[in-house]
Amino acid sequence: MISRTLERALFASRWLMAPFYVGLVLGLVVILIKFLQELVHFAEGVLHATESQVILGALSLIDLSLTANLVLLVIFSGYENFISRMDLKDQSVRPEWMGKIDFSGLKLKLIASIVAISAIQLLKSFMDLGAVSDRDIYWMTVVHAVFVLSGVFLALTDWLTDDAHGKEGDSHAPNPEGEDTDEHRAKEQAEKSGTPRA
């Protein structure tokens, strides 16, 4: 009785994560406000802006959009992985990736989004070299390279883990007749030698 009550309480504790995702939704609203502010600022000066300024403005909008995508990805995937599956009446509006991204996939998508955001920041610096010092560009390049290497190492470790689990599963997989692998091998050896099996 005590064990069952404790397990139910521990299982219900997952709802403590819900305020975190509600807070991220509020953060998404803040990003939207900033996006609209940047869009208005970009539209006001587009007629008098140079080509570089237009590209920088577009990159700023893309940067905010990628950040919003990242937040939304964490909200949906985190909620479904750690709290509860979303029960939607109309399943046709449900994005295909929802419910298919596990914690490992979430990590890879997060680092990929961070790399993309870092790349845009670096590109913005290259487009406006006069306003950025060489030291800042150097460190931005180093940070971007670290993010890229981190993504590669994460993908490599996940691949090695999946590969190891796949081999382990194959070694314990039953044969088509439903027999264990060791028993199946013993049967084949007995048939070859002509010795009856016990």
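Residue indices follow the written sequence of each chain, beginning from 1 at its first position. Owing to the predicted nature of the model, reporting of local features is limited to residues with pLDDT of at least 70; listing and counting of side-chain atom pairs is limited to 80 or more, with chain, interface and lining totals taken over all residues. Each side-chain value is worked out from all heavy atoms of the structure, with water and hydrogens disregarded.

## Digging into the overall build of the protein chain
Reasoning step 1: Summing up its helical and strand segments, the protein chain has 6 helices and 0 strands in all.
Reasoning step 2: Secondary structure follows DSSP: runs of H or I at least 4 residues long count as helices, runs of E at least 2 residues long count as strands, and numbering of each begins at the N terminus. Helices (α) and strands (β) of the protein chain occur, in sequence order from the N terminus, as α-α-α-α-α-α.
Reasoning step 3: Computed with the Shrake-Rupley method and a 1.4 Å probe, the accessible areas treat only the protein chains shown as cover for residues. Roughly 14,300 Å² of accessible area belongs to the protein chain as shown, and the carbon and sulfur atoms make up 65% of that amount.

## Focus on a nonpolar patch on the surface
Reasoning step 1: On the surface, Leu 149, Phe 153, Leu 156, Trp 159 and Leu 160 cluster together to form a nonpolar patch covering roughly 540 Å² of accessible area.
Reasoning step 2: Positionally, Leu 149 belongs in helix 5 (residues 134-171).
Reasoning step 3: Given a relative accessible area of 48%, Leu 149 falls into the partly exposed group. Like-charged residues within 9 Å of one another, or nonpolar side chains (Val, Leu, Ile, Met, Phe, Trp, Tyr) within 5 Å, are grouped into patches, provided each residue has over 30% relative accessible area and no salt bridge. Salt bridge, as used here, is a side-chain nitrogen of Lys or Arg placed within 4 Å of a carboxyl oxygen of Asp or Glu. Only protein chains enter the accessibility calculation, which uses a 1.4 Å probe. A residue is then buried if its area is under 20% of the maximum for its type, exposed if over 50%, and partly exposed in between.

## A short note on the packing of aromatic side chains
Reasoning step 1: Side-chain rings of Phe, Tyr and Trp (the six-membered ring for Trp) are treated as a pair once their centres are within 6.5 Å; stacked means planes under 30 degrees apart, edge-to-face means over 60, and tilted covers the remaining angles. According to the stated counting rule, one finds 2 aromatic pairs in the structure shown.
Reasoning step 2: Ring plane angle 70 degrees and centroid distance 6.3 Å describe the contact between Trp 15 and Tyr 79, whose orientation is recorded as edge-to-face. Taken together, the residues Trp 15 in the loop between helix 1 (2-12) and helix 2 (18-44) and Tyr 79 in helix 3 (residues 51-82) connect sequence positions 64 residues apart.
Reasoning step 3: Their ring planes at 75 degrees and their centres at 5.3 Å tell us that Tyr 138 and Trp 139 sit as a pair that is edge-to-face.
Reasoning step 4: A residue is classified by how much of its surface remains accessible, and Trp 139, at 44% relative accessible area, is partly exposed.
Reasoning step 5: Comment: the charge-over-ring label is applied if NZ (Lys) or CZ (Arg) is within 6 Å of the ring centre and within 35 degrees of the ring normal. In this structure, Arg 14 is placed above the aromatic ring of Phe 11, and the distance from its NZ or CZ to the ring centre is 4.0 Å.

## Here we look at the nonpolar core
Reasoning step 1: The biggest cluster of nonpolar side chains holds 5 residues, and these are Ile 31, Leu 64, Ala 68, Val 71 and Ile 75.
Reasoning step 2: For this core, the element with the highest residue contribution is helix 3, accounting for 4 residues.
Reasoning step 3: Setting aside residues up to four positions removed in sequence, Ile 31 forms contacts with Leu 64, Thr 67, Ala 68 and Val 71. Joining through side-chain atoms within 4.5 Å is the link that ties buried Ala, Val, Leu, Ile, Met, Phe, Trp, Tyr and Cys residues into a set, and such a set is a nonpolar core. Contact definition: two residues touch when any of their heavy atoms are within 4.5 Å.

## A few points about the packing of helix 2 against helix 3
Reasoning step 1: Structural elements are reduced to axes, namely lines fitted to C-alpha atoms, with helices fitted over the stretch in contact, and the angle between N-to-C directions of any two is expressed from 0 to 180 degrees. It is at 10 Å that the axes of helix 2 and helix 3 come closest, and there the two elements cross at 165 degrees. Here helix 2 lies roughly antiparallel to helix 3, going by the angle between them. Relative to helix 3, helix 2 is oriented so that their crossing is left-handed. Any angle between 65 and 115 degrees counts as roughly perpendicular, while under 35 counts as roughly parallel, over 145 as roughly antiparallel, and the rest as oblique. Crossing handedness is defined as follows: a turn of the near helix away from the far one that is anticlockwise and smaller than a right angle gives a left-handed crossing, while the clockwise case is right-handed.

## What to know about the environment of Val 115
Reasoning step 1: Relative to the assigned elements, Val 115 resides in helix 4 (residues 103-127).
Reasoning step 2: It is 9.2 Å that separates the C-alpha atoms of Val 115 and Val 146, two residues lying 31 residues apart in sequence.

## Brief notes about the confidence of the model for the protein chain
Low pLDDT marks regions whose predicted coordinates should not be analysed in detail.
Reasoning step 1: Values of pLDDT, the confidence the predictor places in each residue, fall between 0 and 100. Scored by pLDDT, the protein chain comes out at a mean of 79, with 79% of its residues at no less than 70.
Reasoning step 2: Of all the helices and strands in the protein chain, helix 6 (residues 181-193) carries the lowest mean pLDDT, 55, while helix 2 carries the highest, 94.
Reasoning step 3: Scored below 50 in pLDDT, residues 176-181 shows 7 contacts in the model against residues more than four places distant or in partner chains.

## Remarks on the packing of helix 3 against helix 4
Reasoning step 1: Orientation of helix 3 relative to helix 4, taken along the N-to-C sense of each, is 165 degrees, at an axis distance of 10 Å. Taken together, helix 3 and helix 4 sit at an angle that is classed as roughly antiparallel. Here the hand of the crossing between helix 3 and helix 4 comes out left-handed.

## Overview of the side chain of Arg 14
Reasoning step 1: Mapped onto the elements of the fold, Arg 14 is located in the loop between helix 1 and helix 2.
Reasoning step 2: In summary, the charge assignment counts Lys and Arg as positive and Asp and Glu as negative, without counting His or the chain termini. No salt bridge is formed by the buried Arg 14; its nearest oppositely charged neighbour, Glu 80, is found at 12 Å.
Reasoning step 3: Once you skip the residues sitting within four places of it in the chain, Arg 14 turns out to touch Phe 82 and Ile 83.

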